[in-house]
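# Structural overview
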Amino acid sequence: MAYSYLESSTYGKDNVKFLKVKKDPQNPKKHEVMEATVKVLLKGAFETSYTEADNASIVPTDTVKNTILIHAKKCDTFPIEKFAAELALHFTAKYEQVHGVTIKIIQDKWVKYEDHSFVLESPEKKVCTLDYDLVNGPQVYQMSTILKDLTVLKSTNSMFYGYNKCDYTTLKPTTDRVLSTDIMSTLDWNPTKLGSLVDIRKGLKDHIFNKTFGNTRDITLKIFAEENSPSVQATMYNMATEILKQNSELEFVSYELPNKHYILFDLKWHHGLDNDNELFYPSPHPNGLIKCRVGRNQSKL
Ligand SMILES: O=c1[nH]c(=O)c2[nH]c(=O)[nH]c2[nH]1
């Protein structure tokens, strides 16, 4: 009997990058651009390539890269969720040994300011992840859209008090602090509500992807600005709840937020100077890290 066995495996290409210029035939100089980084990993009947050095089943990762680029040229890559569905259905249909795929597409935030000129609002990104297994059929998949690296700060209207106190506590309660974070908001789609990968590939759901992503960004920024935040925990929960309320195709909304601390300088040593919440030290580390995943109550389905 062999000493070992293959517990699991997957392979493919990561960091496949392209810039797609989308041209409007009616307005030849009016463009949209997408700069994207794509990962495609294949799942399937590749066991003997690991256990017997038999490469016959391997679709080379170089072929995976070529496929991503040819489909980026031939197909509409906007929105990235549609392009992910396109790649998933292609790879699982073309090769009988491919039984599933895991896809990740990261889109940079190029914002148009003239017909064909753009500003990179870096580091903000939109990300789509898709996990699909052929056995389940195109109605069953796991797709998420992620808003990432949107850095925000508010200089007042944030509090933190009433927390657990013990012999390890030094933190002072506050009703007026600086609050800053790098937003990461993950939207998990409900395939039953959204529709099949075939419908997504056809572009029938483009409007939902565009509306929901814009809405997520708007709600996040609005609640961050307008709420007198009692804590990161309470604010992120309110954001997720509002997104679920306004977007019935989503099953879960998650947030992952670092609490980037700005620490008030004590300037009393200088003739008793009162800081008055005006001068802070941007502390690079450590940071708080607060996460939650919010779902819909059964009665609100
Ligand atoms: O919003 C906050 N949540 C915490 O859990 C926490 N912990 C802490 O030290 N400061 C904060 N702020």
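Residues numbered from 1 in each chain as written. Predicted model: local features only at pLDDT ≥ 70, side-chain atom pairs only at ≥ 80, totals over all residues. Heavy atoms only, no water.

## Things to note about the side chain of Asn275
The following threshold applies: In this description a helix means any DSSP run of H or I spanning at least four residues, a strand means any run of E spanning at least two, and both kinds are numbered starting from the N terminus. Working definition: with a 1.4 Å probe on protein chains only, accessible area under 20% of the residue-type maximum means buried, over 50% means exposed, and in between means partly exposed. Think of a polar contact as two N or O atoms within 3.5 Å of one another; within protein, one of them needs to be a possible hydrogen donor and the other a possible acceptor, and neighboring residues in sequence only count if both atoms come from side chains. We call two residues in contact whenever any of their non-hydrogen atoms come within 4.5 Å of each other.
By secondary structure assignment, the location of Asn275 is in the loop between strand E8 (262–264) and strand E9 (280–282). Using a relative accessible area of 7% as the deciding quantity, one classes Asn275 as buried. Only 2.6 Å separates the side chain of Asn275 from the backbone oxygen of Phe265, close enough to count as a polar contact. Once you skip the residues sitting within four places of it in the chain, Asn275 turns out to touch Leu264, Phe265 and Leu267.

## Overview of the environment of Asn190
Tracing the chain through its elements places Asn190 in the loop between strand E6 (179–189) and helix H4 (191–194). On the basis of relative accessibility, which here comes to 13%, the residue Asn190 falls in the buried class. Counting along the chain gives 52 residues from Asn190 to Glu242, while the straight-line C-alpha distance between them is 17 Å. Setting aside anything within four residues of it in sequence, one finds Asn190 in contact with Glu249, Leu250 and Glu251.

## Details of the packing of aromatic side chains
Note the following rule: Under the pairing criterion, centres of Phe, Tyr and Trp rings, with the six-membered ring standing for Trp, must be within 6.5 Å; the plane angle then separates stacked pairs below 30 degrees from edge-to-face pairs above 60, leaving the rest tilted. Charge-over-ring contacts are defined here by two conditions on Lys NZ or Arg CZ: a distance within 6 Å of the ring centre and an angle within 35 degrees of the ring normal.
Under the definition given, this model contains six aromatic pairs. Considering the side-chain rings of Tyr11 and Phe46, the 5.0 Å spacing of their centres and the 90 degrees angle between planes classify their relative orientation as edge-to-face. One end of the pair, Tyr11, is in strand E1 (residues 11–24); the other, Phe46, is in the loop between strand E2 (27–44) and helix H1 (47–51), with 35 residues separating them in the sequence. Residues Tyr11 and Phe46 agree in their burial class; the two are buried. On the numbers, 6.0 Å between centres and 85 degrees between planes, the contact of Phe18 with Phe83 is edge-to-face. With Phe18 in strand E1 and Phe83 in helix H3 (residues 80–94), the pair connects residues that are 65 residues apart, well separated along the chain. We note Lys165 situated over the ring of Tyr163; from NZ or CZ to the ring centre the distance is 5.6 Å. Residue placement shows Arg293 over the ring face of Phe252; its charged tip is 3.9 Å from the ring centre.

## Brief notes about the packing of helix H2 (residues 61–74) against H3
The condition that has to hold: Interaxial angle, 0 to 180 degrees, is taken between N-to-C directions of lines fitted to C-alpha atoms, where a helix line uses only the stretch in contact. Each angle receives one of four descriptions, namely roughly parallel if under 35 degrees, roughly antiparallel if over 145, roughly perpendicular if within 65 to 115, and oblique otherwise. Two helices crossing with the near one rotated counterclockwise from the far one by less than a right angle form a left-handed crossing, whereas a clockwise rotation gives a right-handed crossing. In the scheme used here, Gly and all other residues not listed as nonpolar or charged are polar, with Ala, Val, Leu, Ile, Met, Phe, Trp, Tyr, Cys and Pro taken as nonpolar and Asp, Glu, Lys and Arg as charged.
Relative orientation of the contacting elements H2 and H3 amounts to 130 degrees, with a least axis distance of 11 Å. Regarding the angle of H2 to H3, the classification is oblique. Here the hand of the crossing between H2 and H3 comes out right-handed. Facing H2, whose interface residues are Val64, Thr67, Ile68, His71 and Ala72, H3 presents Phe83, Glu86, Leu87, His90 and Phe91. Taken together, the residues of the contact of H2 with H3 sort by class into six nonpolar, three polar and one charged.

## Looking at the environment of Asp188
Its place among the elements puts Asp188 in strand E6. Spatially, the C-alpha atom of Asp188 lies 23 Å from that of Phe91, the residues being 97 residues apart in sequence. The residues contacting Asp188, other than those within four sequence positions of it, are Met143, Ser144, Leu250, Glu251, Phe252 and Arg293. A distance of 2.7 Å separates polar atoms of two side chains, one belonging to Asp188 and the other to Arg293.

## Some words on the side chain of Thr212
Residue position: Thr212 is located in helix H6 (residues 206–226). Residue Thr212 is classed as buried on the basis of its relative accessible area, which comes to 0%. Leaving out residues up to four positions away in the same chain, Thr212 has contacts with Leu187, Trp189, Asn247 and Leu250.

## Quick word on the UniProt feature "binding site: 5-hydroxyisourate" (unreviewed entry) in the protein
What counts is decided by this rule: UniProt positions are given in the numbering used here, feature names are shortened, and annotations may be inferred rather than shown by experiment. Cavity: a set of points on a 1 Å grid over the protein atoms alone where a 1.4 Å probe fits but cannot get out. Pocket: an open set with protein on both sides within 12 Å along at least five of seven lines, its lining residues, like those of a cavity, having an atom within 4 Å of a point.
UniProt's entry tags Thr61, Asp62, Val232, Gln233 and Asn259 with the feature "binding site: 5-hydroxyisourate" (unreviewed entry), counted in the numbering of this structure. The largest pairwise C-alpha distance within this set of annotated residues, which runs over 199 residues, is 44.2 Å, so the set is dispersed in three dimensions. Of the annotated set, the members that line the largest cavity are Val232. Checked against the element boundaries, Asp62 lands in helix H2. On the basis of relative accessible area, Asp62 is assigned to the partly exposed category, the value being 39%. Checked against the element boundaries, Gln233 lands in helix H7 (residues 232–246).

## What to know about the domain arrangement of the protein
Here is the rule we go by: Domain boundaries shown here were taken from an automatic or database domain assignment. Once two parts are joined, some of their accessible surface, as seen by a 1.4 Å probe, is lost; buried area is that loss totalled over both. Put simply, a salt bridge is a Lys or Arg side-chain nitrogen that is within 4 Å of an Asp or Glu carboxyl oxygen.
Here the protein is described as being made up of domain 1 (1–137) and domain 2 (146–301). Between domain 1 and domain 2, the buried area comes to about 1500 Å², and carbon and sulfur atoms account for 61% of it. The largest share of the area that domain 1 buries against domain 2 comes from Lys82, Leu89 and Glu124, three residues that together contribute 34% of it. Linking domain 1 to domain 2 there are three salt bridges. Between Asp206 and Lys82 there is a salt bridge whose closest N-O contact spans 2.9 Å. Viewed at the interface, domain 2 and domain 1 are joined by five residue pairs in polar contact (both at pLDDT 80 or more). Contributing elements (two or more residues each) for the side of domain 1 that touches domain 2: H3 and strand E4 (117–133).

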